[in-house]
Structure formats: structure tokens, C-alpha cells
Amino acid sequence: MHKEIAVPMNKIYYLASCDTCRKIIKSLPKNNDLVFHDIKQDPITVQELEEMHQLSGSYEALFSKKAQLYKSLDLKNKALTEDDYKKYILEHYTFLSRPVFIIEGQIYIGNSQKNIIEVIKVLS
């Protein structure tokens, strides 16, 4: 019997309308074999968030405190739990710190220069 081995896909979770995401995508090596996942057109699933959580170790690490909604909902003055971070990320795409790369079983969260340099190195 022939058994298929699931090869983990290299993915980027991003927002097509985000200038920073677009700039980062342009800077990636051309033959990067990434699966592009626009989180606005195609919201992340509980399963995808669980995978990110397993790799990152916390929902807070995946949560964007730069989101406009974070400020307008006055979340910075609330004591958020891991469950809260998870709930907000699933409720609205803006709460996912972008972009999120999953490459060869490693996760890279956010748009810091250090992070992007690392991603480009891994993809090259």
C-alpha cells in the first residue's frame, strides 16, 4: 500500500490591502513556492490559528496591538487572556500580526526588519 506523506506547505498569511505586506511580498525571492493566504478574502480558520499557536507558543505573540480596533475597543486597558487574544484574532482579521510566514515548520510573525531578513534568507 502506498502512503502519502503530507508535506507541510510554506505559507504566508497577509492582507492584500496592506502596503507593508505588499512591499514585503515584492522583496521575497521570486521562486519562493509560498501559498498566499489573504486573511481578509479568506479568514483564517480555527485549525490554521491552532497551527500558528502551536508554532509560536502563544496567541498574544500572534496578536497585533497596532490594529485600529485595538485602540478603538480600548483593549490596551483590559487584561486580555490567551482566550481573549484567540477570540479577537478569529473575530477580525485586523488582529493577526501580519504577515505571518510558516516555512519549513518555523513561524515568522510580523514585519520587523529582522524577521523579514530571516524569511528572505530561508526562502533563498
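This text goes with the structure placed above it.
None of the values given here were measured: they were computed from a predicted structure. (Residues numbered from 1 in each chain as written. Predicted model: local features only at pLDDT ≥ 70, side-chain atom pairs only at ≥ 80, totals over all residues. Heavy atoms only, no water.)

**Looking at the sheet that holds strand E3 (residues 100-103)**
Then, in step 1: Pairing is mixed in the open sheet, where four strands are placed in the order E2-E1-E3-E4. Unpaired on one side and paired on the other, strand E2 (35-38) and strand E4 (106-109) mark the two borders of the sheet. With strand direction ignored, the average angle separating the axes of adjacent strands in the sheet is 15 degrees.
Then, in step 2: One ladder, built from three bridges, connects strand E1 (residues 11-14) with E3; its direction is antiparallel. Each bridged residue has a counterpart across the sheet, and for Ile12 the counterpart in E3 is Phe101. (Pairing = 2+ DSSP bridges. Helix = DSSP H or I, 4+ residues; strand = E, 2+ residues; numbered from the N terminus. Axes fitted to C-alpha atoms, helices over the stretch in contact; angles between N-to-C directions.)

**Some remarks on the pattern of salt bridges**
Then, in step 1: A complete count under the given rule lists six salt bridges for this structure.
Then, in step 2: Of the charged contacts in the structure, one is a salt bridge between Asp19 and Arg22, with a shortest N-O distance of 2.4 Å. Highlighted residues: Asp19 and Arg22, both in helix H1 (residues 19-27), separated by three residues, approximately one helical turn. (Salt bridge = Lys/Arg side-chain N within 4 Å of Asp/Glu carboxyl O.)

**Things to note about the side chain of Ser97**
Then, in step 1: Here Ser97 is to be found in the loop between helix H4 (82-91) and E3.
Then, in step 2: Look past the residues within four positions of Ser97 in its chain and what remains in contact with it is Leu62, Phe63, Ser64, Ile109 and Gly110. (Contact = heavy atoms within 4.5 Å.)

**Comments concerning H4**
Then, in step 1: The set of residues buried in H4 consists of Tyr85, Tyr88 and Ile89. For H4, the buried positions fall inside an angular range of 100 degrees around the axis, keeping them on one side. Those residues of H4 that are exposed and aimed more than 90 degrees away from the buried face are Asp83 and Glu91.
Then, in step 2: Its buried side turned inward, H4 meets helix H2 (46-56). (Buried < 20%, exposed > 50% of the residue type's maximum accessible area, 1.4 Å probe, protein only. Arc of directions from axis to C-beta.)

The values reported here are purely geometric and, on their own, carry no functional implication.
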